[in-house]
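Read off the chains here:
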Amino acid sequence: MTVKIAALILSSFLILGETAHALDDHASAAYDIFKQLIEINTTDSVGSVSKASEALAQRLLKAGFPAKDILVLGPSERKKNLVVRFHGSGQRRPVLFIGHLDVVEAPRVDWATDPFQLVEKDGYFYGRGTLDMKSSDAIAVATLIRLRNEGFKPHRDIILALTSGEESFKDNGVKWLVEHHRDLIDAEFVINMDGIGVLTDHGRPVTVRVDAAEKLYADFRLMVINPGGTTALPARDNAIYRLSAGLTRLEQYRFPFELNAVTRAYLTQLAEAADGPRRADLLALLADSPDAAALDRVSRDPLDNATLHTVCSATRLEAGHANNALPQIASAMVNCRILPGHSAEEVRKTLLDVFHDPNIQVSYVREFDGQMFDRAPDAVALPAGAPRPDVIGPLKTIARTFWPGALVIAGMSVGESDAVWTASAGMPTFMVSGLAVDRDDVRVHGRDERLRVSSFNQGIEFFYQYLKAIAIEP
Ligand SMILES: [Zn+2]
């Protein structure tokens, strides 16, 4: 099915009459941008985010945006970000929309199709970035152009920043803009479009999520150093055994259960929507002294577990230097996702307690892929606050039309996104996305990444309505 036909079917489904044709045009305008973005390689290894930024800048210029409102800027040749401003009446402070243009590497051999060609097959778009997140980038740009053509006058400036370095940690565009050009992106609040907003089950809407908090990312290196020697005369102390024993203790350890304003509200909503034993378990967690058995049962689900606890996993292991020598060094990487309000340093101390072995050194890793990961060990994810009514309100209203029956729920992201930079700069940040994905088909960062054609078309109309609602006070 081509995008145009899909758009027509969708539009006649949603809206009858003349607007159906209008939606068709908007869908194909967004599709053109989407295709162009997918086909510009923006990986860290060989791609160029600058090329994508330039291409979008050209489109905005052609659509009549003044050159002074379109900026392409960044710290290096291949990592230039796009910042565009849509002027409002100035009654309110601006809103900033952020999205990243870079994508994760995609080796051609792993894929059924060329990851850097937009391929439409069996009702899906295939290509690197179809989900994460060139679809949303394209929709945002197409929507700004559409609103300009319609003569839309928002009550606040709408700023759109499409950036580099989200996936690779290198030259992160949001961080760079916050540090070097705060004036360009300063806003009352931020909408981060990077995420799966709508989960479906075989196309049936289940949840519409807005993330109002995030966990913090931290890597730790574990190291055991030993004199070593020949295996003909093994000493009692073996670096590999020591490290393994520590990791086994970590496997068995569970960080404390903890709720914050966002996850408490999230569990409450989940409980309201659940029934039977699941409902009873969720309610038991909300009680003053949560029931341990209920916590065990709920924590079996990886998403629930990650919502309720800081989690750490062993991710890499390295040891020894010869088959016939005792290991002099054994090391491992442990990656942690930390609940808001806690720091990497705090978690490092907990890890030391868990290993309970002074021979296992634990250090916070401040680099990623050879690049400094510039965050202090005592930094914490911002304490979560309840989501703004002017962010979640319109989402609830619009979601009823697009995804009837879905639970609209505010929660905490179990990952970390660019929101960490805007939030820590004091701009409250919320993740909103109108792209629907089957919950068992989330291929973000994976091979044959794909997005339903109908999700893309629906996302176009959703974003148009949502952006208008956000930019005009009721
Ligand atoms: Zn992303």
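Residues take numbers from 1 onward in each chain, read along the sequence in its written order. It should be noted that, the model being predicted, local features are given only for residues of pLDDT at least 70 and side-chain atom pairs only at 80 or more, the latter also being counted only at that level, while totals for whole chains, interfaces and linings use all residues. In computing side-chain values, all of the structure's heavy atoms are included and hydrogens and water are not.

Here's the deal with the nonpolar core
Membership of the largest hydrophobic core comes to 75 residues, with the highest contact counts inside it found for Phe97 and Ile191. Numbered from the N terminus, helices here are DSSP runs of H or I no shorter than four residues, and strands are runs of E no shorter than two. Sort the elements by how many residues they give to this core and helix H15 (residues 453-471) lands first, with ten residues. The contact definition used throughout considers only heavy atoms, calling two residues in contact when any of these lie within 4.5 Å. Ignoring any residue separated from it by four or fewer positions in sequence, one finds isoleucine 191 in contact with Val95, Leu96, Phe97, Ile98, Val391, Phe430, Val432, Tyr466 and Ile470. With 24 residues, the next largest nonpolar core counts Leu222, Val224, Leu250 and Ile360 among its residues. To qualify as a nonpolar core, a set must consist of buried Ala, Val, Leu, Ile, Met, Phe, Trp, Tyr and Cys residues joined through side-chain atoms within 4.5 Å. Note on classification: 1.4 Å probe, protein chains only; a residue is buried when its accessible area is under 20% of the maximum for its type, exposed when over 50%, partly exposed between these limits.

Quick look at the environment of glutamate 120
By the element assignment, glutamate 120 lies in strand S4 (residues 119-121). C-alpha of glutamate 120 to C-alpha of valine 453: the two residues are 333 residues apart in sequence and 8.0 Å apart in space.

Re the sheet that holds strand S5 (residues 124-126)
What the three strands build is an open sheet, ordered S4-S5-S21; its pairing is antiparallel. At either end of the open sheet lies a strand with only one pairing partner, and these are S4 and strand S21 (450-452). The average undirected angle you get between the axes of adjacent strands in this sheet is 25°. Pairing between two strands requires that DSSP report at least two bridges joining them. The sheet contact formed by S5 and S21 spans three bridges and is antiparallel. Residue pairing across strands places tyrosine 124 opposite arginine 452, the latter belonging to S21. Axis geometry follows a simple rule: fit a line to the C-alpha atoms, using only the stretch in contact for helices, then measure angles between N-to-C directions, giving values from 0 to 180 degrees. Relative to S21, H15 is tilted by about 70°, and along the sheet it contacts S4, S5 and S21.

With respect to the sheet that holds strand S15 (residues 361-364)
Taking strand neighbours across the sheet as the criterion, the four strands line up as S12-S14-S10-S15 in an open arrangement whose pairing is antiparallel. Only two strands of the sheet have a single neighbouring strand rather than two, namely strand S12 (311-319) and S15. Neighbouring strand axes in the sheet, compared pairwise and without regard to direction, differ in orientation by 25° on average.

A few points about the pairing of strand S14 (residues 329-338)
Put simply, side chains in a regular strand alternate between the two faces of the sheet. Taking burial as the measure, the ten residues of S14 include eight buried ones, the bulk of the element. As judged from the ten bridges shared by strand S10 (residues 216-225) and S14, these two strands associate in the antiparallel manner. Counterpart to methionine 223 in the pairing with S14 is serine 331. By the bridge criterion, eight bridges tie S12 to S14 in an arrangement that is antiparallel. Note that in S14 the partner of serine 313 across the bridge is asparagine 335.

Some details on the domain arrangement of the protein
Domain parsing of the protein yields domain 1 (2-211 + 388-471) and domain 2 (216-255 + 310-373). Boundaries between domains were set according to an automatic or database domain assignment. One C-alpha centre belongs to domain 1, the other to domain 2, and the line joining them spans 39 Å.

Some details on the packing of aromatic side chains
Note on aromatic contacts: the rings of Phe and Tyr and the six-membered ring of Trp form a pair at centre separations within 6.5 Å, being stacked when their planes are under 30 degrees apart, edge-to-face when over 60 apart, and tilted otherwise. Tallying each qualifying case throughout the model produces 14 aromatic pairs. Judged by centre distance (5.5 Å) and plane angle (40°), the rings of phenylalanine 402 and tryptophan 403 are tilted. Of the two residues, phenylalanine 402 and tryptophan 403, both sit in the buried class. Here the aromatic rings of phenylalanine 402 and phenylalanine 462 are separated by 6.1 Å at their centres, their planes lie at 85°, and the arrangement is edge-to-face. In this pair, phenylalanine 402 is assigned in helix H13 (residues 389-402) and phenylalanine 462 in helix H15, connecting sequence segments 60 residues apart. Residue phenylalanine 402 is classed as buried on the basis of its relative accessible area, which comes to 5%.

Digging into the packing of helix H8 (residues 261-273) against helix H9 (residues 276-286)
Between H8 and H9, the least distance of the axes is 9 Å, while the angle of their chain directions is 155°. What the angle tells us is that H8 and H9 run roughly antiparallel. With respect to the hand of their crossing, H8 and H9 are arranged in left-handed fashion. Along its contact with H8, which presents Arg264, Leu267, Thr268, Leu270, Ala271 and Glu272, the element H9 presents Arg278, Arg279, Leu282, Leu283, Leu285 and Leu286. Each angle is binned into one of four classes, with values under 35 degrees roughly parallel, values over 145 roughly antiparallel, values of 65 to 115 roughly perpendicular, and all other values oblique. In this scheme, a crossing is called left-handed if the near helix is turned counterclockwise away from the far one by less than a right angle; it is called right-handed if the turn is clockwise.

Examining helix H3 (residues 49-62)
Count 3.6 residues to each turn of an α-helix, and residues three or four apart come out pointing the same way. A helix's residues, less one, multiplied by 1.5 Å, set its expected span. Between the first and last C-alpha of H3 there are 20 Å, a value that for 14 residues agrees with the 20 Å anticipated at 1.5 Å per step. Those residues of H3 not exposed but buried are Val49, Ser50, Ala52, Ser53, Ala55, Leu56, Ala57 and Leu60. The backbone nitrogen of serine 50 has a side-chain oxygen 3.3 Å away, supplied by the residue at the start of H3, namely serine 48. Directly after H3, the chain includes glycine 64, whose backbone phi takes a positive value near 105°. Polar contacts here mean pairs of N or O atoms no more than 3.5 Å apart (in protein, one a potential hydrogen donor and the other a potential acceptor; neighbouring residues in sequence count only if both atoms are side-chain atoms).

A short note on the coordination of the zinc ion
Listed donor atoms are N, O and S within 2.8 Å of the metal (Na, K and Ca: 3.2 Å). As water is not included, a site may look incomplete. Within the first shell, the zinc ion binds the protein through His100 (NE2), Asp132 (OD), Asp194 (OD) and Asp194 (OD), at distances of 1.9 to 2.6 Å. Here a site with four donors is tetrahedral if all angles are between 85 and 135 degrees, and a site with four or six donors is square planar or octahedral if opposite donors are over 155 degrees apart and the other angles are between 65 and 115; anything else gets the irregular label. For the zinc ion, the four donor atoms in the first shell make angles of 53 to 148° at the metal, so the coordination geometry reads as irregular. One chain supplies every donor for the zinc ion, spaced along it as H-x31-D-x61-D. In this pair, histidine 100 sits in strand S3 (residues 95-100) while aspartate 132 sits in the loop between S5 and helix H4 (134-149), placing the two residues 32 residues apart along the sequence. With relative accessibility at 8%, the residue aspartate 132 sits in the buried group.

Structural notes on H4
Taking 1.5 Å per residue, 16 residues should reach 22 Å; H4 reaches 22 Å between its end C-alpha atoms and fits that length. Of all 16 residues that make up H4, 14 are buried, and the element is covered over most of its length. A positive backbone phi angle near 70° is found at glycine 151, which sits one or two residues after H4.

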